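Architecture and fold: a report
Read off the chains here:
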Amino acid sequence: MKTINVIRKDLNKTVFSIGFLSCVIVTTILCMTAVIHIEPSNAREFTVFEVLLKFDREFLLTDVNFSSIVVFTKALSNYFFMFAPIIAALPFISIYLTERNSGYIRMTIARTGKFRYYFSKLVTAFIGGGLGIVIGLVIFGLLAAILFPSLSHFSAEDIEYGMHMNTNGRSIISNAFLSIGSPAIVVWPSISVFLFGGMSAMTAYALSSFIRNKYLVLCIPFLIVYIHDSIKGKIVISSFHSGDGEIGTLGKLLSYSTTSNLLYIFHPFDDVLYTIIFSLAALVTALILFTVFMNRRIDLGA
C-alpha cells in the first residue's frame, strides 16, 4: 500500500509538470506532420498541415482516406518516431533531475526506502511517457474530428475498404472495427502507443541514475535509437543484396529490440511475441541498472 501511495504522489507531480505538458503539445504538433495524402500525378506527399491549407472541404469528401478516423490512424509521422525517445522522457526527467539536483532526493529515499523509490520512478517514467504521448494523440484525434469529414459522409463500401487498407486487413484493429466501429480505431492504437511511449522513456530512466545533465539524458537515447536503426537498416539492405533475405542473429536481435514494434502488437507479425518478451526484459534491466548505479553512490544520487 505504501508503494502505491509513493507512485501516486510521483505521478501527481509528473502529470502536472511542464515536462508532461511539453510532451503532450509536441506530440500533437508532430502528429500534424504525418503524411496522409500522396498526389498520384507526381507522387508528392502532403502532411496534415499541407492538406488543410491546400484542399477545400469538397475535395476532402471525395476520398474516404480524408475521413477523420482514417487520418487518425496515420497520425504517427517519421518525425514522431525520430524524436519519441526525447518526447517520452520529458515528463519524468523534468521532475526527477530537479529533485535530484536540489538534494531533496536524500530525504525522499530516507522516507520511502531505496527500492520502493527506484521502482516508483520506473513506474512514473513509464506511465508519464506513455500517458503524455497518448493524450497528445487524442488531442490530435479531436482536431481531426473537427477539421476532417466524418465517416458518415462516405458509403459503407468506401468505409470498409478504407479500414481494411489502413489497418492491415487481418489485424485485430480491422476486425474490431468491423464489429464495433470507430471506437476500435481509437482504443487499440491508444493502448499500443501508450506501451511504445512508456518503453521509449526507459533509456532516459536508466541514464538518469548516473547522469545529472538533463540535456545529455534526453539526447543520448535519441542517438542510441538512431544508431540502432541505422545498423538494422544496413543489415536489411545487405540481406536483400545478397539474395538470401537472411538478416542473421544480430539483425534478429535488433529487430526484436525495436521499440516501435509495440505499435503493431495488435497486427499479426512474426516477431510480436519476441518483441513483448524483449520489452519486459528491458524494463527489468532498466530497474536493475538504476538500482545498481544508485546504490553504488554514497550520496544516493543527490
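Throughout what follows, the structure given in this document is the object of discussion.

With that settled, consider the overall build of the chain. Looking only at helices and strands, the chain has 15 helices and two strands in total. Burial status across the chain gives 45% buried among its 302 residues. At a minimum sequence separation of 6, the contacts of the chain that also span at least 24 residues come to 73%. Looking at the chain as shown, the accessible area adds up to about 15400 Å², and 67% of this sits on carbon and sulfur atoms.

Another point: the environment of V71. As for its position among the elements, V71 is in helix 5 (residues 68–73). Along the sequence, V71 and P149 sit 78 residues apart, while their C-alpha atoms lie 10.0 Å from each other.

Now for the packing of aromatic side chains. On inspection of all chains with the given rule, the structure shows 17 aromatic pairs. Ring centres of F80 and F81 lie 5.7 Å apart, and the angle between their planes is 70°; this geometry places the pair in the edge-to-face category. By relative accessible area, F81 is classed as partly exposed at 25%. Members of the aromatic cluster, joined through ring pairs, are F92, Y96, Y117, Y118, Y205 and F290.

Attention shifts here to the pattern of salt bridges. Enumeration according to the criterion identifies five salt bridges in this entry. Across the pair K13 and D10 runs a salt bridge, and its minimum N-O distance is 3.6 Å. Remark: D10 and K13 occur in helix 1 (residues 2–15); sequence separation between them is three residues, near one turn of the helix. Looking at K13, the relative accessible area reads 36%, which means it is partly exposed. D10 is the salt-bridge partner of K121, the closest N and O atoms lying 3.4 Å from each other. Of this pair, K121 sits in helix 8 (residues 114–147) while D10 sits in helix 1, and the two are 111 residues apart along the sequence.

The rules behind these values
- Residues numbered from 1 in each chain as written.
- Predicted model: local features only at pLDDT ≥ 70, side-chain atom pairs only at ≥ 80, totals over all residues.
- Heavy atoms only, no water.
- Helix = DSSP H or I, 4+ residues; strand = E, 2+ residues; numbered from the N terminus.
- Buried < 20%, exposed > 50% of the residue type's maximum accessible area, 1.4 Å probe, protein only.
- Contact = heavy atoms within 4.5 Å.
- Areas by Shrake-Rupley, 256 points an atom, 1.4 Å probe, with all protein chains shown as cover.
- Phe/Tyr/Trp six-rings, centres within 6.5 Å; stacked < 30°, edge-to-face > 60°.
- Salt bridge = Lys/Arg side-chain N within 4 Å of Asp/Glu carboxyl O.

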